[in-house]
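# Residue-level structure breakdown
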Amino acid sequence: MTRADVTPADGSPGARIDRRFAADVEAHRRDAPRFCPQCARDLGLANEFWEGDQRRFYCWCATCDWTGEVTTTGETAIGHEPEH
Ligand SMILES: [Zn+2]
């Protein structure tokens, strides 16, 4: 997705969406990272994709060239230890 995909519904081309995907678009707008964790400027790219049940955002900062992935976890962090 490009920056236009997270533009508010203001009539711009990126705001016209297929209603079947409206919930996904809303979730993307709510959860997509907005700022670079390294330099705190606006992220140039936050491309959402899925791996199984996990939602991930591949991010790139146009200012400092940082790249990384952000994974949504729900209410708590996801660990690697088995449940106690
Ligand atoms: Zn940056």
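Everything in this summary refers to the structure shown in the same document.

Conventions used here
- Residues numbered from 1 in each chain as written.
- Predicted model: local features only at pLDDT ≥ 70, side-chain atom pairs only at ≥ 80, totals over all residues.
- Heavy atoms only, no water.
- Salt bridge = Lys/Arg side-chain N within 4 Å of Asp/Glu carboxyl O.
- Helix = DSSP H or I, 4+ residues; strand = E, 2+ residues; numbered from the N terminus.
- Buried < 20%, exposed > 50% of the residue type's maximum accessible area, 1.4 Å probe, protein only.
- Donors = N, O, S within 2.8 Å, 3.2 Å for Na, K, Ca; no water.
- Tetrahedral: all angles 85-135°; square planar, octahedral: opposite > 155°, others 65-115°.

### Considerations on the pattern of salt bridges
Summed over the entire model, instances satisfying the criterion amount to six salt bridges. A salt bridge links aspartate 31 to arginine 55, with the nearest nitrogen and oxygen atoms 2.6 Å apart. You can see aspartate 31 sitting in helix H1 (residues 22-31) and its partner arginine 55 sitting in strand E2 (residues 54-60), a full 24 residues away along the chain. Looking at aspartate 31, the relative accessible area reads 26%, which means it is partly exposed. With relative accessibility at 14%, the residue arginine 55 sits in the buried group. Its salt-bridge partner being arginine 55, residue glutamate 48 comes within 2.7 Å of it at the nearest N-O pair.

### Quick notes on the coordination of the zinc ion
Protein-derived coordination of the zinc ion comes from Cys36 (SG), Cys39 (SG), Cys61 (SG) and Cys64 (SG), at a distance range of 2.3 Å. Taken together, the four donor atoms coordinating the zinc ion and their angles of 105 to 116° define a geometry best described as tetrahedral. For the zinc ion, all donor residues lie on one chain, and their spacing in sequence is C-x2-C-x21-C-x2-C. Of this pair, cysteine 39 sits in the loop between H1 and strand E1 (45-51) while cysteine 61 sits in the loop between E2 and strand E3 (67-71), placing them 22 residues apart in sequence. The exposure class assigned to cysteine 61 is buried, which follows from its relative accessible area of 0%.

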